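Listed here are the chains, written in short residue letters.
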Amino acid sequence: MVKPVPVERLSPAAAEAELKRLAHEIAEHDRRYYQHDRPTVSDAEYDELRLRNAAIEEAFPDLVRADSPSHRVGAGPSEKFAKVRHGVPMLSLANGFSEDDVHEFLARVRRFLNLAADAEIEVTAEPKIDGLSISLRYEERRLVQAATRGDGFEGENVTANILTIAEVPKRLPKGAPSLIEVRGEIFMSHKDFAALNEKQIQAGEKPFANPRNSAAGSLRQLDPAVTAARPLRFFAYAWGEAPELPAGTQWGVIEAFHAWGLPTNPLMKLCRSESELLGHYRMIEGQRASLGYDIDGVVYKVNRLDLQERLGFVSRSPRWGLAYKFSAEKATTVLEGIDIQVGRTGALTPVARLRPVTVGGVVVSNATLHNEDEIARKDIRVGDTVIVQRAGDVIPQILGFLADKRPAGAKPYVFPHVCPACGSHAEREERASGKTDAVRRCTGGLICPAQRVERLKHFASRNAFDIEGLGDKIIEEFYTDGLIAAPADIFTLEKRDARSLKKLKEREGWGEASVAKLFAAIDARRSVALDRFIFALGIRHVGETTARVLARAYGSARNFRDQMVAAGKMEGEAWEELTALDGIGEVVAEAVVQFFGEKHNRDVVDDLLKQVEVTALEARSTSSPVAGKTVVFTGALEKMTREEAKAMAERLGAKVAGSVSKKTDLLVAGPGAGSKLKDAEKYGVEVIGEDDWFRRVGEG
Ligand code: IVH
């Protein structure tokens, strides 16, 4: 690395340029770290950048940028506690809301592990505590650090406060390993919550809304003496960094925790069948009111840790676990109208406008009605008194209506056949299977203002370009006022604003500071990773996972664009390469080439590429012997299922393709391999067996 110029020798212009570069660079590292779980620099290098930024800012306080990394707030931990990076991220569990979801969870586990549909599989079941999760680090059997979950990757150091909690052991007994991070939930009992609120009210302070908030508020006190006076409790249920675990099963580890003096939940049970799991759920649900603390569901975990390891994670949740939430809250209210929303791909979605009603503590005034068949099937009519259900964080749903309350003259709902936004014809596509699509779509494409606006919203949204401050409402306003019509316009906004007579800062609700903040947020996204870029285009059927597959395969935005145009004939090399990618089926491939087949879409992409720099996706692992290689698996694999093989290869930085071409580097062939083996010979592709694969990647 080039030695940086000492801060005292920097000219103001050089300082300004460097601060700008650092702001972008650090923002990009933050994004890779927090959102993609793919840091590309070491912690030390990262700290170096931040230190350099702080030193320059100290020497040139006038040059501190609005988007300076040193005053960034966001999903990360708050500034008042020191930060702790979790060596093993604190992720969350996928939610289930019905017995079907539990059934599907078990089926998926079996499928992934290649077990028979009726194979016995041990799963633990325990209450899901409604508190806040914490990670307790014991070194040499002494509690040395306690950290909150934060955004899952970095939390707050609350060690001093945790040390005041009587239930948390400060030492582990002999026999406990020399390093272990115990994870669990901090919570407050109903009784203690009521007493604390009583005190709050008497002292003229605001009472807490619920035990969870009061536990969080109590733990996040700057003065540990305040925490000490608050009766917090703890249950251990998981672990983070743990090089030597005391057992090979979930159950065994939790038993060891218990033996070491850590509080564990007495309602945990080891189940061997689906009916046992459902039975235990009902048992816990039955006890819910008398437990004395809040729980919001039951957590299931595959018991064997070797199986947990094989199952691994999908995006941010483990495949080996499920949180089966308690059933949703329901209420009745009047359906005042049905609006039709037009989505970014033209889908017309009916939305119920409801007389506002409180469901499970939240005021609900909209609910989804899914699609036209659903309205017809349920025969829901405007004016009906309907039953609304809210489950977890999903959009409220309408379950049905009360027949005796139907007003005289209520007419069946007629779903529109024209787009309410642009008047274009709206139709239901015929699927390849011969079935008609459930969704009716506007055929207006980009002449439809609703589709344009929705595409822009998607473009700026969190998992796409993630432009802070450019939320849905502002995009709608800017679109209506002609400020932003296409994605590239976002990046020319500042320049155009500088030239225009009517400045953004003169808009109602805006001022100098908010405009500067918006421009800084836009600036921070002038460099973006390729997978986000592809996802942001809003191509039908291209979600985050597909975008990642495409980004890995094509490497650069320019190459991706050109190859997709080349694949437009739906035959030939480019098309074959696209459809050979694992995870890209015909439907997706067609959608992508159709997108690039339209000039206005190519224009969107080309204009955008003049404004932003797109960075190649880092391979997940760059050190493995198969990093960057294209691998195909064929024949019967004996030690892993196809899905596992794929997940493993991708973890090691390889691309997995579904068919052999001259671009294939490696064919892993099990017994019974057929045509792919022949193709490999034809193209001179290296062929190895399953055992060789393990030897090669060093996991054998
Ligand atoms: S296990 C990979 N067990 O629920 C995550 N979590 O969505 C493993 N929680 O953040 C977590 N009770 O705060 C687990 N018995 C339990 C739990 C539990 C509550 C919380 C925890 C976690 C969230 C998962």
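Residues numbered from 1 in each chain as written. Predicted model: local features only at pLDDT ≥ 70, side-chain atom pairs only at ≥ 80, totals over all residues. Heavy atoms only, no water.

Colleague: I'd like a description of the sheet that holds strand β24 (residues 655–656), backed by residues and values.
Modeller: The four strands are arranged β24-β23-β25-β26 in an open sheet whose pairing can be described as parallel. Looking at which strands have only one partner, the edges of the open sheet turn out to be β24 and β26 (686–688). With three bridges joining them, strand β25 (residues 666–669) and β26 adopt parallel strand pairing. Residue Val668 lies in a different strand from β26, and its bridge partner there is Ile688. (Pairing = 2+ DSSP bridges. Helix = DSSP H or I, 4+ residues; strand = E, 2+ residues; numbered from the N terminus.)

Colleague: So, the site of the ligand: which residues are in play, and what are the values?
Modeller: Taken together, 14 residues surround the ligand, and among them Leu93, Glu126, Ile129, Glu185 and Tyr237 come closest. Taking Lys128, its side chain carries an N or O atom lying 3.2 Å from an oxygen atom of the ligand. A distance of 3.0 Å separates a nitrogen atom of the ligand from a polar backbone atom of Ile129. Considered on its own, the ligand offers 520 Å² of accessible surface; in the complex 88% of this is hidden by protein. When residues of the shell around the ligand are traced back to their parent elements, those giving at least two are β3 (123–129) and β10 (295–302). At four residues, the largest contribution of residues to the shell around the ligand is made by β3. Grouping the amino acids of the shell around the ligand by side-chain chemistry returns seven nonpolar, two polar and five charged. (Near = heavy atom within 4 Å. Polar contact = N/O pair within 3.5 Å; in protein donor to acceptor, adjacent residues only side chain to side chain. Areas by Shrake-Rupley, 256 points an atom, 1.4 Å probe, with all protein chains shown as cover. Nonpolar A, V, L, I, M, F, W, Y, C, P; charged D, E, K, R; others polar.)

Colleague: Now, about the environment of Asp665: what can you tell me, with residues and values included?
Modeller: Locating Asp665 in the fold gives a position in the loop between β24 and β25. Separated by 36 residues in sequence, Asp665 and Lys629 place their C-alpha atoms 5.9 Å apart. Excluding residues within four positions of it along the chain, Asp665 makes contact with Gly628, Lys629, Thr630, Val685 and Glu686. For Asp665, the side chain forms a polar contact with the main-chain nitrogen of Thr630, separated by 2.7 Å. (Contact = heavy atoms within 4.5 Å.)

Colleague: Provide a residue-level description of unusual backbone geometry, including the pertinent values.
Modeller: Among all residues save glycine, negative phi is the norm, and among peptide bonds the norm is trans. With a phi close to 50°, Asp379 is a non-glycine residue in the positive phi region. When you line up the elements, Asp379 lands in the loop between α11 (372–378) and β17 (385–390). Although it is not a glycine, Asp466 adopts a positive phi angle of roughly 55°. When you line up the elements, Asp466 lands in the loop between α12 (449–460) and α13 (472–480). Take Asp466: its relative accessible area is 14%, and that puts it in the buried class. (Buried < 20%, exposed > 50% of the residue type's maximum accessible area, 1.4 Å probe, protein only.)

Colleague: A description of the packing of aromatic side chains should follow, citing residues and the corresponding values.
Modeller: Considering all chains together, one arrives at 18 aromatic pairs under this definition. A centroid spacing of 5.2 Å and a plane angle of 70° characterise the contact between Phe595 and Phe596, whose relative ring orientation is edge-to-face. Among the residues examined, Phe595 registers a relative accessible area of 7% and is labelled buried. Through a chain of ring-to-ring contacts, the aromatic side chains of Tyr281, Tyr300, Tyr324 and Phe326 assemble into a single cluster. We note Arg406 situated over the ring of Phe401; from NZ or CZ to the ring centre the distance is 4.1 Å. (Phe/Tyr/Trp six-rings, centres within 6.5 Å; stacked < 30°, edge-to-face > 60°. Lys NZ or Arg CZ within 6 Å of the ring centre and 35° of its normal.)

Colleague: I'd like to hear about the pattern of salt bridges, residue by residue, with values.
Modeller: Within this structure, the stated rule accounts for 47 salt bridges. Between Asp67 and Arg65 there is a salt bridge whose closest N-O contact spans 2.8 Å. Residue Arg65 is classed as buried on the basis of its relative accessible area of 18%. With its nearest N and O atoms 2.7 Å apart, the salt bridge here joins Arg137 to Glu139. (Salt bridge = Lys/Arg side-chain N within 4 Å of Asp/Glu carboxyl O.)

Everything listed here is a matter of geometry and, on its own, says nothing about what the molecule does.
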